[in-house]
Amino acid sequence: MYRYFSSADIRLKTLLILALILACILFAYWSDYNLATGSGNLCMVLFIAAQSYIPAKYLRLFFMLKDDAFFATFLRVHCWINIILFVAACLHCYVTHWHNTYLWVALILMGWLTFGGVVLRFKYLMDGLHPVVGKGLYFLHTQMVVFFIMCLCLLKGHYVF
């Protein structure tokens, strides 16, 4: 599957991405009684799906697994789902009339992590950057502290604790 998708033409890739977006829209529409809650449910599902790459990467390192093709595909899925997640989170923030500082900080941190991931994933954006800037961007994008602060702000902003 990985080799087929990596060698597929741009039309097939676009079709698959549009199918994912349509599935997300349908999930948000049918998951609850209004767009604000449905988009929040969609964000939660996409967040769990996208961030499953992080523990899988650490388990791969711990068990010294060598399936590079699978994890290269998993990284691409992680990147695309995070982009769709950020768009869904912005929609959720827009349609929800319930805002606080914690949620704004979480959205800004999510935007920063998404932007850093996009720049790292699509290397043509990094061609004009100095190598030190690229390494710094990689360092800031992969810091678990920023991710944990974002998660804490999401929980606190939604009054979970």
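Calculation criteria
Residues numbered from 1 in each chain as written. Predicted model: local features only at pLDDT ≥ 70, side-chain atom pairs only at ≥ 80, totals over all residues. Heavy atoms only, no water. Helix = DSSP H or I, 4+ residues; strand = E, 2+ residues; numbered from the N terminus. Buried < 20%, exposed > 50% of the residue type's maximum accessible area, 1.4 Å probe, protein only. Polar contact = N/O pair within 3.5 Å; in protein donor to acceptor, adjacent residues only side chain to side chain. Core = buried A, V, L, I, M, F, W, Y, C linked by side-chain atoms within 4.5 Å. Contact = heavy atoms within 4.5 Å.

With that settled, the discussion passes to the side chain of Thr96. Within the secondary structure, Thr96 sits in the loop between helix H5 (68–95) and helix H6 (101–121). Residue classification places Thr96 among the buried positions, given a relative accessible area of 12%. Within the local environment of Thr96, its side chain forms a polar contact with the backbone oxygen of His92, the two atoms lying 2.6 Å apart.

Within the largest apolar cluster, 24 residues are counted, with the highest numbers of intra-cluster contacts made by Leu42, Leu46, Phe47, Leu85, Phe147 and Met150. Of all the elements in the fold, those that place two or more residues in this core are helix H2 (10–30), helix H3 (35–51), H5, H6 and helix H8 (144–157). Among the elements that line this core, the one with the most residues is H5, at six residues. Setting aside its immediate chain neighbours within four residues, Phe147 contacts Phe47, Gln51, Ile54 and Leu113.

Now for the environment of Ile84. Looking at where Ile84 falls in the secondary structure, it is placed in helix H5. Other than its neighbours up to four places away in sequence, Ile84 contacts Leu20, Ile21, Cys24 and Leu46.

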